[in-house]
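# Topology and contacts: notes
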Amino acid sequence: MNYRRMGASGLKLSEISLGAWVTFGEQIDDKTASAILHAAYDHGINFFDNADIYARGRAEIVMGEAIRDLPRPSLVLSSKVFWPTMEGPNGKGLSRKHILESCHASLKRMGVEYLDLYFCHRYDPETPVEEVVRAMDDLVHQGKVLYWGTSEWRGGQLAHACGVAGEGGWYPPAVEQPHYNMLVRTIVEDELVPLADELRFGMVTWSPLRSGLLSGKYNDSTPGNVRLSLERYNWLHGILNDRDLGITRKLAGVAADLGVTLPQLAIGWLLRLPQVSSVITGATRVEHVHENVKAIEVPARLTPEVLERIESILGNHPPPGD
Ligand SMILES: NC(=O)c1ccc[n+]([C@@H]2O[C@H](COP(=O)([O-])OP(=O)(O)OC[C@H]3O[C@@H](n4cnc5c(N)ncnc54)[C@H](OP(=O)(O)O)[C@@H]3O)[C@@H](O)[C@H]2O)c1
């Protein structure tokens, strides 16, 4: 495994990380989740991503159990706050009240004393940015959170938060967690990459395989018991559109010529950007982990000719409704 600094911070993250969305506490049983997490750890993965909303809190419980026998200092654990997880008007969003309530609930479910990373899962237009920054700063001073960050915040919102933090002498966001893969590129490449160095934040990117599409498993037909066939995730089914399937089929040829698998190419290509601190992967089988970690070898094979071939396949590709 290779490790990268998270932005300008001293924290080192494994280039490949593992998240719990859809899988832990939901699509896979707890024994499989634990085996996947341990396989990842054995490969040198140190960053494990979670959120209060995943499987309505169950994902944190399952992850908490799975890490119980691992040394806490060797782990970078995260959770997130924003989406509704509690009753009533204050059971969601980024008010000081919900941030603190949700953080305490996540710590309890995971059975840990602190979170290494704590993300604002979306921007909250109903809470002043100063209230958010101060609540996060307080959590850092209390030792409950080591670094705080954002997820799916736009460049202007991040710049505002960093400015507010600078003026108040509070901890600024140290990391952003954006959606980024070969089919969804624009915000990261056009907006966040140019800002990341100036504002000193790192990026940990999500859904590198576009929920599994970029594994190639949907190229001929939709298999059973995979994410994009799950009824309760039917809002994701639009991912399976002709344009993106066409691109994916062509990318399979590039991967084959490079002697890597399509998931390895899709994940490794994201690591070509130095601003990407870690690519957060997902897995429903231990074999996925064994395969995906080898993506760290891909950037060295991305010659200018290969990058150009990939660009010509991706084209000027707008994100489909994200
Ligand atoms: N901040 C946010 O708003 C946000 C949003 C989404 C995700 N995330 C984070 O990002 C993490 C990763 O996102 P994601 O799970 O959507 O990632 P992804 O890489 O796009 O999809 C992962 C899924 O693809 C399939 N897969 C993975 N490796 C494979 C391989 N080698 N061969 C074939 N199939 C493979 C598995 O599902 P099947 O077996 O079902 O096909 C796996 O669960 C999440 O767990 C979460 O921590 C954050």
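The numbering scheme is per chain: residues are counted from 1 as the chain's sequence reads. For a predicted model such as this one, the threshold for reporting local features is a pLDDT of at least 70, and the threshold for listing and counting side-chain atom pairs is 80 or more; totals across whole chains, interfaces and linings nevertheless cover every residue.

### Topic: the sheet that holds strand E10 (residues 276–281)
Rules: Strand pairing follows a simple DSSP-based rule, namely that at least 2 bridges must link the two strands. A run of DSSP states H or I qualifies as a helix once it reaches four residues; a run of E qualifies as a strand once it reaches two. Both are numbered from the N-terminal end. For helices, the fitted line uses only the C-alpha atoms of the stretch in contact; every axis is such a line through C-alpha atoms, and the angle between N-to-C directions lies from 0 to 180 degrees. A residue pair is marked as a contact if its C-beta atoms, positioned from the backbone, fall within 7 Å.
Read once around its circumference, the closed barrel built from eight strands follows the order E3-E4-E5-E6-E7-E8-E9-E10, with strand pairing classed as parallel. This sheet shows a mean twist of 30 degrees between the axes of neighbouring strands, independent of strand direction. Bridge count between strand E5 (residues 76–81) and strand E6 (residues 115–120): four bridges; the pairing is parallel. For Val81, the partnering residue across the bridge sits in E6 and is Cys120. Contacts from helix H4 (residues 96–110) reach E5, E6 and strand E7 (145–151) within the one sheet, and its direction differs from that of E5 by about 140 degrees.

### Brief notes about the site of the ligand
Rules: Only the C-beta atom, placed from the backbone, is used; a residue is near a molecule or strand if that atom lies within 6 Å of it. When residues are grouped by polarity, Ala, Val, Leu, Ile, Met, Phe, Trp, Tyr, Cys and Pro land in nonpolar, Asp, Glu, Lys and Arg in charged, and all others, Gly among them, in polar.
Surveying the vicinity of the ligand reveals 29 residues, the closest of which are Gly19, Trp206, Leu209, Gly212 and Gly282. Elements represented by at least two residues in the shell around the ligand include exactly E10 and helix H10 (286–293). By residue number, the principal contributor to the shell around the ligand is H10, which donates three residues. Residues that form the shell around the ligand fall into these classes: ten nonpolar, 13 polar and six charged.

### Some points on the pairing of E5
Note the following rule: Burial is judged by counting the other C-beta atoms within 10 Å of a residue's own C-beta: 20 or more makes it buried, 12 or fewer makes it exposed, and any count in between marks it as partly exposed, with every C-beta position built from the backbone. Look down the strands so they point away from you; if going from the first strand over the helix to the second traces a clockwise path, that crossover is right-handed.
Burial analysis of E5 places six of its six residues in the buried class, the great majority of the element. The alternating pattern of E5 places Val76, Ser78 and Lys80 and Leu77, Ser79 and Val81 on opposite faces, both of which are buried. Bridging between strand E4 (residues 47–49) and E5 involves two bridges; their strand directions are parallel. The partner of Phe48 across the bridge, within E5, is Leu77. Considered for its hand, the β-α-β crossover made up of E4, helix H3 (residues 58–66) and E5 is right-handed. In this view, the connection linking E5 to its parallel neighbour E6 by way of H4 has right-handed handedness.

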